[in-house]
Number of protein chains: 2
Amino acid sequence: MKYIEKLRNSGLRPTKQRLQICEVLFNTEKTFHFTINELEKKIKDRANNKISLATIYNTVHAFEKKGYLKQIPINSNQTYFDTNITDHHHFYDLKEEKLIDLENSDVGPINIKRKINGKKIKSVEVLVKLED
Amino acid sequence: MKYIEKLRNSGLRPTKQRLQICEVLFNTEKTFHFTINELEKKIKDRANNKISLATIYNTVHAFEKKGYLKQIPINSNQTYFDTNITDHHHFYDLKEEKLIDLENSDVGPINIKRKINGKKIKSVEVLVKLED
DNA sequence: TAGTAGTTTATAATGATTCTAAATAAGTGT
DNA sequence: ACACTTATTTAGAATCATTATAAACTACTA
């Protein structure tokens, strides 16, 4: 399995559950946005295989900590994650409540002129809200 | 009272509770960020006067709908609101879990080159995450 | 002043997320 | 393969922000 090394290299034991979650999350050309509930459903559908919700939470947070997933900063009932970990941005369609990727090249350089003492910039994320 | 007209003009009855909340939120030169819980505390401290939590939620949402408050898009346990309703952005200090205003002029123009069919841009918000 | 429509309130309900502690599985050394 | 330690999974309980409910109350209008 191609994810065993990835996990081991991160200090995560390659368990059956984690490998399955990897398949669902990373075994696709397209990146995508998801909530924990959507992910749980996807796993159930895919393999007719149930992974405990607690494990899904644990794993998603572990993957986020290792940098394999990003949280998308948006105010929503549920937390959204992104399998696209490159620097990029998002449209948020307020009516449909849907996220759409917005590539860095579609936004152009963002120049943060102000500095905060003793702090480094970790990320710069743009959220563009859309209405009809 | 200076807020009576403001409320009436928005179709909101100027109740005792709403006027008090206006005092706390808008009767200051500085704009600020807050959560519902912080606001509740502020109200309690200020007037030794308790407004039901449900009313605070209702009022904050009513004010948001009328455009007197903005939600700040950030993933946090609690929802953050901003009394600064001008176009502007935020730093988020990951360690301190604190928001800092970032004026539009400190970011420079943001050019969203991509268009989504049938949708208009309502807002463009930048979140700059800070680490040590 | 009466009528109505909007508000407030305490409390219950909801729902996402986290915690707990017991069972299980993976890694390591022998 | 075996014993041992440590990480992981799990069901279910707990937590906590937020929303819903429905009864009491208040502001507006005629």
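Each chain carries its own residue numbering, running from 1 in the written order of its sequence. Chain letters start at A and ligand numbers start at 1, both assigned in the order the entries are written. This being a predicted model, a pLDDT of at least 70 is required before a residue's local features are given, and a value of 80 or more before pairs of side-chain atoms are given or counted; all residues contribute to the totals for chains, interfaces and linings.

*Asks:* Mind laying out the packing of helix α2 (residues 16–26) of chain A against helix α3 (residues 36–47) of chain A, listing which residues take part and the relevant values?
*Replies:* For any two helices packed against each other, the geometry is given by the interaxial angle and the distance between the axes. Residues and elements named next belong to chain A. Inter-axis angles, ranging from 0 to 180 degrees, are taken between N-to-C directions of lines fitted to C-alpha atoms, where helices are fitted over the stretch in contact. Going along the chain from the N terminus, every DSSP run of H or I of four or more residues is numbered as a helix, and every run of E of two or more is numbered as a strand. Relative orientation of the contacting elements α2 and α3 amounts to 100°, with a least axis distance of 10 Å. Put simply, α2 runs roughly perpendicular to α3. Residues Q20, I21 and V24 of α2 lie in contact with α3, whose contacting residues are L39, K42, I43, R46 and A47. For the contact of α2 with α3, the per-class residue count stands at five nonpolar, one polar and two charged. In this scheme, roughly parallel covers angles under 35 degrees and roughly antiparallel covers those over 145, while 65 to 115 is roughly perpendicular and the rest are oblique. We call two residues in contact when the distance between their C-beta atoms, placed using the backbone, is within 7 Å. Each residue gets one of three labels, nonpolar for Ala, Val, Leu, Ile, Met, Phe, Trp, Tyr, Cys and Pro, charged for Asp, Glu, Lys and Arg, and polar for the others, Gly among them.

*Asks:* Got a sec to walk through the pairing of strand β5 (residues 98–103) of chain B? Specific residues and values, please.
*Replies:* All names here are of chain B. Taken together, the six bridges between strand β4 (residues 88–93) and β5 define a ladder with antiparallel strand orientation. The residue of β5 that forms the bridge with Y92 is L99. A strand pair is defined by DSSP finding two or more bridges across the two strands. The loop that links β4 with its antiparallel partner β5 comprises four residues; one of these, E97, has a positive phi angle of about 55°.

*Asks:* Explain the sheet that holds strand β5 (residues 98–103) of chain A to me, and be specific about the residues and the numbers.
*Replies:* If you walk across this open sheet you meet the six strands as β5(A)-β4(A)-β6(A)-β6(B)-β4(B)-β5(B), and the pairing is mixed. The open sheet has two edge strands, β5 of chain A together with β5 of chain B, and neither has a second partner. Taken over all neighbouring pairs, the strand axes of this sheet differ in orientation by 25° on average, direction set aside.

*Asks:* Please provide a residue-by-residue account of the pairing of strand β6 (residues 120–131) of chain B, values included.
*Replies:* Sheet topology note: the strand β6 (residues 120–131) of chain A/β6(B) ladder contains 11 bridges and is antiparallel. Across the sheet, V124(A) pairs through a bridge with V128(B), a residue of β6(B). Where β4(B) and β6(B) come together, four bridges link them in parallel fashion. Across the sheet, the residue bridging to D93(B) is L130(B), located in β6(B).

*Asks:* Got a sec to walk through the interface of chain B and chain A? Specific residues and values, please.
*Replies:* Chain B puts 34 residues into the contact, and the matching count from chain A is 34 residues. Within the residue set of the side of chain B that touches chain A, elements represented by two or more residues are β4, β5 and β6 of chain B. At 12 residues, β6(B) tops the list of elements feeding residues into the side of chain B that touches chain A. Looking at side-chain class alone, the side of chain B that touches chain A contains 16 nonpolar, seven polar and 11 charged residues.

*Asks:* Tell me about the relation of the copies chain B and chain A, residues and numbers included.
*Replies:* Residues reaching a pLDDT of at least 70 in both copies supply the C-alpha atoms on which the copies are superposed by least squares. After a rotation of 180° and a shift along the axis of 0.0 Å, chain B superposes on chain A with an RMSD of 0.1 Å. Look at the turn and shift together and you get a two-fold axis relating the two. In terms of proximity to the rotation axis, the leading residue of chain B is V126(B), whose C-alpha is 2.2 Å off the axis. By residue overlap, the copies meet face to face through one surface: 100% of the interface positions of chain B are interface positions in chain A.

*Asks:* So what's going on with the protein's contact with DNA strand C? Residues and values would help.
*Replies:* Only the C-beta atom, placed from the backbone, is used; a residue is near a molecule or strand if that atom lies within 6 Å of it. Taken together, 23 residues form the shell around DNA strand C, and within it T79(A), T15(B), S52(B), A54(B) and T55(B) come nearest. Secondary-structure elements contributing two or more residues to the surface near DNA strand C are α3 and α4 (53–66) of chain A together with α2 (16–26) and α4 (53–66) of chain B. Considered class by class, the residues forming the surface near DNA strand C number eight nonpolar, 11 polar and four charged.

*Asks:* Describe the protein's contact with DNA strand D, listing the residues and the values that go with them.
*Replies:* The environment of DNA strand D is formed by 22 residues, the closest being T15(A), S52(A), A54(A), T55(A) and T79(B). Of all elements in the fold, only α2 and α4 of chain A together with α3 (36–47) and α4 of chain B reach the threshold of two or more residues within the surface near DNA strand D. Considering every element that reaches the surface near DNA strand D, the biggest residue donor is α4(A), with four residues. Taken together, the residues that form the surface near DNA strand D break down as seven nonpolar, 11 polar and four charged.

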